[in-house]
Every structure is written in structure tokens, then in C-alpha cells.
Amino acid sequence: MDELGKGKTIAELERITGASKNILTKLEANAQMPKHYLPHNLCIDEVKAFPKRIAIRKGEPHMASCIYDADEKTLVDMLAGDDPKTVTAYLESFTKGERDAVATISCDLNGSYISLAEKYFPGAVIYADKTVCPERQDLGDHRPGKKGPPAQTGCDNEIPVSECGAQERAAVEKEDPLMTKYAVESEYCSVFGMDVHARTTTVKGLDRSTGETATKRFNDAPSPAVIASWMKQSFAGPWYAAYESGCTGFHLCRELRREGIGCDVVAVSSIARSIDDKQRKNDSRDAARLLSELVSMEKTYTAVWTPDPETEAMRDLCRARVAAVDAVKVAKLQTSAILLRHGYVWNEKTPDGTLKNSWTKNFVAWIKSADLGNACADEALTFSLRAVEEGTERVKDLEARLDALCDLPRWKPYVDAISLLRGVGKLTALTLACEIGSFHRFRSGRDVSKWLGTVPSHSESGGKGHHGGITKAGNAVCRTLLVEGITGSGRYKYKDSKVLRAGQVVSPEVKATCRKADRRLAKRRQHLSEQKKHPNKVKIAIANELIRWVWAIGCMVEDEQAPHVASRPA
């Protein structure tokens, strides 16, 4: 619109010639150009001007800002871009008297829009679009001390800014994780992308109200308080920060939240990276890449659920047991490899010709009696066998400790309920409970399967598509435990369903659900086996459905333990 006002035709802007140019010239001559004025009741919103790939190729803004007259319900002007600088330049083109004549402003929860509205229209009443917060139907003035219904602005989807405070938004996000993405656009004025390491942290921030950016590198293992202090001194609040998931865990996230800065941990697998990003990788580029993802209109990232310290501590202990079990497996494999290289093969059989199990007392005695004919080889075998024995003792100690922790009030209801399923033991149930943390954070069983990584991959192009192997993109610990449990329970029939052990307490509803799950899974396993499916495919299919039963039972337990918890979304 601005370039058209300078005398450039649409055909000149688009470099069109010939018949198309003549047609556009006639259309432009007869077109009614909007008037340049500020309406009494003003509405502002952003719209998609071009698809992102076309905008990048043309070098033009991806989004545009539209100015509407709420009384006349007509378009007043359209700005090439939705960034704060573009909107600021437009508003400053009007005199102070013209801006003071605006009575009401209706906009969405974009932080820059609200900041600019408060700056240039201090006497106007500001309303925010409620489409991003549909649970709230009440309306009112966002400014402190003013109450009552809003003025009639002609916009049907409005909600006062104050109604979307941090506590209210936290409650909404608990029911709907997708609301986290809206929070970045609506509640926070400054956004930060962080690249976090053990001793260094690189932060790049953006002030959405001014468009200003700044980058800061913190060395010598900075404390969260130091990082938060720089954010607050350099940028206007409220603040939002995020960093990639990894070995640094959730400590920084929790501490920044205590400092009054909204913070999330973003799943590193959900951030798209180009070849250039991979070939020119450094901390500043990583922080800038995450920041651009946070402020992008087309968000693809996923925020990781942040556990409380008690849940994370139990996770660490359960994972320590899994690591100890894996270490024993490696030590046993190394011991068997040493024997095999020296010609020792376990071949003891039962009277009916079945090979006897390895790693029994007789097997260990056979290893100790082996003479490899070389002192160094004998020492290597001795050390390897000692690693097996020490690792086995370590596993026993961890399992005894975890078995005692299963009776804690925090975990006992979940362990008692989940372990009633066939193929799930007490320690597996405890691991599932602490790894999932909050069962209601998943909207459906399909989301739980995605989290476990047991859903098939999919590739589609040109109208043709096919499914591949499972994604394995989720929690490897839970996936391994469930598959191993299914493997061990394959010899049981449904009539052998579990009975309650001493001290195990479950409600009749949970017990009925577990029995239903056992029947369903047993029939499905039998059906897949009769269809001559590969045994590994059968195990994954059963694990994919079993985790959904675990989720359903966990939600039932949560509802029983805390009736005030909101029901899971449909």
C-alpha cells in the first residue's frame, strides 16, 4: 500500500508485462484505495502475506499487519510486515492528537502489539483476542482498577490482557500442552534462546516491543541468578527463555522460573537444522537458531515436560539400575568371548538333550576351572568374571533399595495398579511411573505411543507413501523394559492372570481395567502369531498397546489420588 501511494503500479511492483499488465492497470485505476486514518475503535491483527518459502525467495516479509475500523468493519491499511519497527513507524506517522482520539484497541495476544498499544495509546482501552484462550468467556478492561463490560468494538473474540496472567495460563497449559506455544507470542515481551554447556552459557535475546537483539556469553559455570540478572537488566519484562534438552538437565530451568523468568526445555530432536547449521556449528549460532524457532509464526518445536525434583531423583535411581543391568550384560559377553577365543564352549545338556542354561552356579564353576594356558589370559578371565559378580551384587542392592521405595506414598498407588498388568513387575511399574511423571500431560494414547517411540515412521511424496520401522524417538528405557517384560510373559495364558500380592491395594475399577487389558493383549498376541507375523513385530505391537493401557490406568490412579486434577482432554 505504501509503495502504491508513491506512484508505483502493481504491475511495476510485480514486474508484469503484456496483457496481464493492462488488466492490472485497469483494475488499479478503478480500485478504491483505503484512507489513511486512525479509527475511533481500532483493530489490528497479523495475516500471512506469502508462504514462507516464497517470502524468503522474494526477500519480502512473511507476515503483514492489517488495520481495521471496528465501527465500519472495513480495512483501513495493510503494513508490509508484523515486526515492531514496521508497526512503530506506522503509528508515528500520525499526530498525538489523532492517536489520543482512539478509544479502544482490539488485538491478539502478540506481546509487541500490546506493548505498542500501551505506549502510543495510553488513554485507550485494550482488549485481546480470546481465540488463543477459548476457555475464558468473560470480558473486561485489562488495566488495573477498571472493571466492567468492554465497549462495543465490533470484534467478537476478545479477552482482557490481565485475564491471561501467568497462573491462569499455567492452568490452561496443564490441560493443553499446545498452549505453551501461544504463551511465547502473548504473555512475554522478551524472548531468549540459550545454548547451555557445563561451563559456558550463550544467550541471545529479542525485545519484541522494539525489535532489538543482544548476545551474551557467560563463562566459568555461571549461576542461574547471574543469567537472570542480565536478562532483567537488558530487556523489558516479562521474560521467556528456552534451551535444548541434554545432559544439563532441568536445574537451570527450575532456577530461572524461581527468578521470575518463564523457561522451558526444548526437545533437541524437534528443532530443524539445515546443512549449513551442521557445517558451521557454534554456540552463538545455536542460540540464534533456537531464538528464531521460538519467535517463528510456524512453530515446530516441542517443550519437554519438566519433572519436580522428587520425580527426577527417582528417575536417576531407576536409570542407575538399568545401567547396572546393562553393565552386567556387557561383562558376561566379554567373559564368554574370552572363553570362546581359547576354545572353551559351554555345551552341557540335560538328559533330554536340551542345552543347560548359562550363568548358573555350575556354569560359573566351569569358568573358574578353565585353564587358558597363559597367565595373562587367566588374569583377564578372572577380572572379567569378577566384574560380572560385582555387577550382579550391585544390581541386587539397587533392586532391594527400589523395592523398598515402591512402598512410599508418592509411588505406591501407581506401582500397585500398573504392576497388576501381565508383563509388568514392581520395578518396571516404578520406572514407568517416574519416567512418565504426570499421566494427564498426554492428551491421548497415541501421544503416549509417540513418546515411547513404538509408532511406525511414515514417508510420503507425490501422493505416494509408505510406513517404515518404528521411530524409536521416545523413551528408550521404558521401551526396553516393556519389550523385555512382554518377551518373558509370552508363555503365560490369560487364565494365569496375576493375583494381588500381599500389601497390593487397587480399586475395583483399576482391577477390572487390568483384567480387560490382559484379555485384549492375549487375544491380540495370539491373532498376530496365527498371522505368521515376525516375533519382533508382535512384541512391538503388544508394547505399543500396553503403554496405552498403562497410561489409562495411570490416569485413573491420578484421578483417585487427586480428584481436583482436571480430566484429560478428549
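Cut-offs and rules
- The written sequence of each chain sets the order in which its residues are numbered from 1.
- Thresholds applied to this predicted model are a pLDDT of at least 70 for local features of residues and 80 or more for the giving and counting of side-chain atom pairs; totals over whole chains, interfaces and linings are not thresholded and use all residues.
- Heavy atoms from the whole structure form the basis of all side-chain values; hydrogens and water molecules are not counted.
- A run of H or I in DSSP counts as a helix once it spans at least four residues, and a run of E counts as a strand once it spans at least two, with each numbered from the N terminus.
- Relative accessibility thresholds used throughout: buried, under 20% of the residue-type maximum; exposed, over 50%; partly exposed, between the two (1.4 Å probe, protein chains only).
- Residue contacts are counted whenever heavy atoms from the two residues lie within 4.5 Å of one another.
- The accessible surface values rely on the Shrake-Rupley method and a 1.4 Å probe; as for residues, cover is taken only from the protein chains in view.
- Every angle, taken between N-to-C directions, lies between 0 and 180 degrees, and every axis is a line fitted to C-alpha atoms, over only the stretch in contact when it is a helix.
- Throughout, the term roughly parallel applies to angles under 35 degrees, roughly antiparallel to angles over 145, roughly perpendicular to angles from 65 to 115, and oblique to all others.
- When the near helix sits turned anticlockwise from the far one by under a right angle, the crossing is termed left-handed; a clockwise turn instead gives a right-handed crossing.
- The classification used treats Ala, Val, Leu, Ile, Met, Phe, Trp, Tyr, Cys and Pro as nonpolar, Asp, Glu, Lys and Arg as charged, and all other residues, Gly among them, as polar.
- A pair of strands is considered paired only if DSSP assigns at least 2 bridges between the two.
- An arc is given here, and it is the one of the directions from the helix axis to the C-beta atoms.
- The term salt bridge refers to a side-chain nitrogen of Lys or Arg lying within 4 Å of a carboxyl oxygen of Asp or Glu.
- Pairs were defined over the aromatic rings of Phe, Tyr and Trp, the Trp ring being its six-membered one, requiring ring centres within 6.5 Å. Orientation was assigned from the angle between planes: stacked under 30 degrees, edge-to-face over 60, tilted for the rest.
- Whether a charge lies above a ring is judged from NZ of Lys or CZ of Arg, which has to be within 6 Å of the ring centre and within 35 degrees of the ring normal.
- N or O atoms within 3.5 Å of each other form a polar contact, as long as, within protein, one can give a hydrogen and the other can take it, and as long as residues adjacent in sequence are counted only when both atoms are side-chain atoms.
- Put simply, a patch holds well-exposed residues, over 30% relative accessible area, that have no salt bridge, with like charges counted together within 9 Å and Val, Leu, Ile, Met, Phe, Trp or Tyr side chains within 5 Å.
- Each residue after the first adds 1.5 Å to the expected span of a helix.

Some points on the overall build of the protein
So, step 1. A tally of regular secondary structure across the protein gives 22 helices and 13 strands.
So, step 2. A total of 570 residues make up the protein; the buried ones form 42% of that total.
So, step 3. Of the contacts made within the protein by residues no fewer than 6 positions apart, 59% connect residues no fewer than 24 positions apart.
So, step 4. If you sum the accessible surface of the protein, you get close to 31,000 Å²; carbon and sulfur atoms cover 53% of it.

Some details on the packing of helix H10 (residues 224-234) against helix H11 (residues 251-258)
So, step 1. Their axes nearest at 9 Å, the elements H10 and H11 cross at an angle of 50°. One way to sum up the angle between H10 and H11 is to call them oblique. The two elements H10 and H11 meet at a crossing, and its hand is right-handed. Listed contacts from H11 to Pro224, Ile227 and Ala228 of H10 are His251, Leu252, Glu255 and Leu256.
So, step 2. Looking at the contact of H10 with H11 residue by residue, the class counts come to five nonpolar, one polar and one charged.

Points about the sheet that holds strand E7 (residues 201-207)
Adjacent strands of a sheet pair through backbone hydrogen bonds, lying either parallel or antiparallel.
So, step 1. Strand order in this open sheet of six strands is E8-E7-E6-E9-E10-E11, and the pairing throughout is mixed. The outermost strands of the open sheet, each flanked by one partner alone, are strand E8 (213-218) and strand E11 (303-304).
So, step 2. Of the pairings in the sheet, the one linking strand E6 (residues 190-196) to E7 comprises seven bridges and is antiparallel in character. Across the sheet, residue Met194 finds its bridge partner in E7, namely Val203.
So, step 3. Across the sheet, H11 lies against E6, strand E9 (239-244) and strand E10 (262-266), angled at about 165° from E10, the strand it touches most.
So, step 4. Against the sheet, helix H13 (residues 283-295) engages E6, E7, E8, E9 and E10, with an angle of about 140° to E6.

Here's the deal with the side chain of Arg315
So, step 1. In this fold, Arg315 is placed in helix H14 (residues 309-341).
So, step 2. The class for Arg315 is buried, based on a relative accessible area of 9%.
So, step 3. Each residue touching Arg315, except ones within four places of it in the same chain, is listed here: Phe250, Trp305, Pro307, Cys434, Glu435 and Arg441.

Observations concerning H10
So, step 1. Of the residues making up H10, those classed as buried are Pro224, Ile227, Ala228, Trp230 and Met231. Burial along H10 is one-sided: seen end-on, the buried residues are contained in an arc of 160°.
So, step 2. Considering only its buried residues, H10 is in contact with E6, E7, E8, E9 and H11.

Side note on the packing of H14 against helix H16 (residues 375-405)
So, step 1. In contact at an axis separation of 9 Å, H14 and H16 are set at 155° when each is read in the N-to-C sense. Overall, the two elements H14 and H16 adopt an arrangement that is roughly antiparallel. Where H14 crosses over H16, the handedness of that crossing is left-handed.
So, step 2. Residues of the contact of H14 with H16, tallied by class, amount to 19 nonpolar, five polar and four charged.

What about the pattern of salt bridges?
So, step 1. All chains considered together, the criterion is met by 19 salt bridges.
So, step 2. Here Arg258 makes a salt bridge to Glu255, at a shortest N to O gap of 2.4 Å. One end of the pair is Arg258 and the other is Glu255, both in helix H11 and three residues apart, which spans about a single turn.
So, step 3. Taking the shortest distance from any N to any O, the salt bridge between Asp276 and Arg285 comes out at 3.0 Å.
So, step 4. Look at the salt bridges and you will find they share partners, linking Asp276, Arg280 and Arg285 into a network.

Comments concerning the packing of aromatic side chains
So, step 1. Per the stated rule, a full pass over the model turns up 13 aromatic pairs.
So, step 2. Between Trp230 and Phe235, the ring centres sit 5.8 Å apart and the planes meet at 70°, which makes this aromatic pair edge-to-face.
So, step 3. What makes Phe235 buried here is its relative accessible area of 7%.
So, step 4. One residue, Lys216, lies across the ring of Phe218, its end atom 5.8 Å from the ring centre.
So, step 5. Lying over the aromatic face of Trp411, Arg410 brings its terminal NZ or CZ to 4.0 Å of the ring centre.

Focus on the environment of Arg479
So, step 1. Note on placement: Arg479 falls in helix H20 (residues 476-488).
So, step 2. We classify Arg479 as buried; its relative accessible area is 12%.
So, step 3. Considered as a pair, Arg479 and Leu432 are 47 residues apart in the sequence and their alpha carbons are 9.7 Å apart.
So, step 4. Leave out the neighbours within four places in its chain, and Arg479 touches Leu452, Gly453, Thr454, Ile470, Lys472 and Gly474.

So, the environment of Glu435
So, step 1. Position of Glu435 among the secondary structure elements: in helix H18 (residues 426-436).
So, step 2. Glu435 sits in the buried class, given a relative accessible area of 1%.
So, step 3. Sequence-wise, Glu435 and Pro307 are 128 residues apart; in three dimensions their C-alpha atoms are separated by 9.0 Å.
So, step 4. With residues near it in sequence (within four places) discarded, Glu435 still touches Arg315, Arg319, Arg441, Trp451, Asn475, Val477 and Cys478.
So, step 5. Here Arg319 takes part through its side chain, which lies 2.7 Å from a polar atom of the side chain of Glu435.

Some thoughts on a nonpolar patch on the surface
So, step 1. On the surface, a cluster of nonpolar side chains totalling about 220 Å² of accessible area is made up of Tyr68, Leu75 and Met78.
So, step 2. Mapped onto the elements, Met78 comes out in strand E3 (residues 74-79).
So, step 3. Residue classification places Met78 among the partly exposed residues on the basis of a relative accessible area of 32%.

Structural notes on the pairing of strand E13 (residues 464-470)
In regular strands, side chains alternate between the two faces of the sheet.
So, step 1. Bridge count for strand E12 (residues 456-461) against E13 is five bridges, and the pairing is antiparallel. Bridge pairing in E13 links Pro456 to Ile470.

Focus on H13
So, step 1. In a regular helix each residue adds 1.5 Å, so 13 residues correspond to 18 Å; H13 covers 19 Å between its end C-alpha atoms and thus fits that length.
So, step 2. Here H13 has its buried residues at Asp283, Asp286, Ala287, Leu290, Leu291, Glu293 and Leu294. Viewed along the axis of H13, the buried residues span an arc of 160°, placing them on a single side of the element.
So, step 3. Here H13 starts with a cap whose side-chain oxygen sits 3.2 Å from the backbone nitrogen of Ser284, and that cap is Asn282.

Observations regarding the side chain of Ser449
So, step 1. Looking at the element boundaries, Ser449 is found in helix H19 (residues 445-452).
So, step 2. Classification of Ser449 as buried rests on a relative accessible area of 0%.
So, step 3. A polar contact of 2.7 Å, which involves the side chain of Ser449, links it to the side chain of Arg548.
So, step 4. Those residues in contact with Ser449 that sit more than four places away from it in its chain are Thr454, Val455, Asn544, Ile547 and Arg548.

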